[in-house]
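Listed here are the chains, written in short residue letters.
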Amino acid sequence: SSGINAEYGRPPNGDSGDFEIEFNHLQSLLPRDKSIVLGDFNFDLLKSTSPGADKFENLMLSNGLFPLISIPTHSSKESNASCIDNILTNNIEAVFQSGVIQDFGSHHKPIVAIFKFSTPGKQIKTGQIQYYSYSKKNVDSVFQELVNKKHELSDKNMSPTFETFLRPSGLQ
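Keep in mind the model is a prediction, meaning the values are calculated, not measured.

Draft legend 1. Focus on a nonpolar patch on the surface. Taken together, the side chains of Leu-61, Phe-66 and Ile-92 make up a nonpolar region of the molecular surface, amounting to roughly 240 Å² of accessible area. Relative to the elements of secondary structure, Ile-92 occurs in the loop between strand E6 (85–89) and strand E7 (95–100). On the accessibility criterion, Ile-92 (37% relative accessible area) is partly exposed.

As structure tokens, this is what we get:
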């Protein structure tokens, strides 16, 4: 089956009973493998004694989903650091890397996950192929434009890499 992604956001004071119904409905629509659910769930998984967080953890685990984030994803001057944003998956074997981007400048830190899914029966190409369509006329035109702007390129603060580029061209 193909991978399915879903996004969910629960308001900070949203009803946890309504959330449970909606989350179970969402789960009924997702395949049992290669599913990813991410969002701002507003249940702090760092507070294991919180009834809401405990219920959310049981709900996701009973649906075969595992959280990929276990460190703070949210902080503000008014509250302690919390783990309320998360990425859940039922294909933990496919997770290559996950984490939180620190020092982002927002009270919600971006959460990321890299998966290594493969498509059975299809050859997956890796690498990059570039095709350049150029002619001597176009190369000469770019060279002439550089010659015409030589005075603008002769800056004392020029990077050594750019100087190395200009030297063989006869512009330096």
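There is more to say after this.
Draft legend 2. The arrangement of the environment of Ile-71 in detail. Within the secondary structure layout, Ile-71 lies in the loop between strand E3 (66–67) and strand E4 (74–76). For the pair Ile-71 and Leu-45, spaced 26 residues apart in sequence, the C-alpha separation works out to 8.8 Å. Excluding anything up to four places from it in sequence, Ile-71 contacts Cys-83, Val-100 and Gln-102.

Draft legend 3. Here's a closer look at the packing of aromatic side chains. Following the criterion strictly, the structure yields eight aromatic pairs and no others. Measuring from centroid to centroid gives 6.1 Å for Phe-23 and Phe-56, while their planes differ by 75 degrees, and the two rings are edge-to-face. Here the residue Phe-23 occupies a position in helix H1 (residues 16–29), and Phe-56 occupies one in helix H2 (residues 51–62), the gap between them amounting to 33 residues. Looking at Phe-23, the relative accessible area reads 0%, which means it is buried.

Draft legend 4. Representation of the nonpolar core within the structure. Within the largest apolar cluster, 13 residues are counted, with the highest numbers of intra-cluster contacts made by Phe-19, Phe-23, Val-37, Phe-41, Phe-56 and Leu-88. Going through the elements one at a time, H1 and H2 are the ones with two or more residues in this core. Setting aside residues no more than four positions away along its own chain, Leu-88 makes contact with Phe-23, Ser-35, Ile-36, Val-37, Phe-41, Phe-56, Met-60, Leu-65, Phe-66 and Pro-67. Counting 10 residues, the second-largest nonpolar core is a separate cluster that includes Ile-36, Leu-68, Cys-83 and Phe-115.

Draft legend 5. A look at the pattern of salt bridges. Tallying each qualifying case throughout the model produces one salt bridge. A salt bridge links Lys-55 to Glu-20, with the nearest nitrogen and oxygen atoms 3.2 Å apart. Of the two residues, Lys-55 is situated in helix H2 and Glu-20 in helix H1; the sequence distance between them amounts to 35 residues. Take Lys-55: its relative accessible area is 44%, and that puts it in the partly exposed class. We classify Glu-20 as partly exposed; its relative accessible area is 27%.

Draft legend 6. How the structure looks around H2. Along its 12 residues, H2 runs 16 Å from first to last C-alpha, staying within 8% of the 16 Å computed at 1.5 Å per residue. Among the residues making up H2, those that are buried are Ala-53, Phe-56, Leu-59 and Met-60. End-on view of H2: buried residues confined to an arc of 125 degrees, all on one side of the axis. Along H2, the residues that are exposed and aim more than 90 degrees away from the buried face are Pro-51 and Ser-62. Remark: Gly-64 follows H2 within two positions and exhibits a positive phi of approximately 80 degrees.

Rules behind the numbers
Residues numbered from 1 in each chain as written. Predicted model: local features only at pLDDT ≥ 70, side-chain atom pairs only at ≥ 80, totals over all residues. Heavy atoms only, no water. Patch = residues over 30% accessible without salt bridge, like charges linked within 9 Å, V, L, I, M, F, W, Y side chains within 5 Å. Areas by Shrake-Rupley, 256 points an atom, 1.4 Å probe, with all protein chains shown as cover. Salt bridge = Lys/Arg side-chain N within 4 Å of Asp/Glu carboxyl O. Helix = DSSP H or I, 4+ residues; strand = E, 2+ residues; numbered from the N terminus. Buried < 20%, exposed > 50% of the residue type's maximum accessible area, 1.4 Å probe, protein only. Contact = heavy atoms within 4.5 Å. Phe/Tyr/Trp six-rings, centres within 6.5 Å; stacked < 30°, edge-to-face > 60°. Core = buried A, V, L, I, M, F, W, Y, C linked by side-chain atoms within 4.5 Å. Expected span 1.5 Å × (residues − 1). Arc of directions from axis to C-beta.

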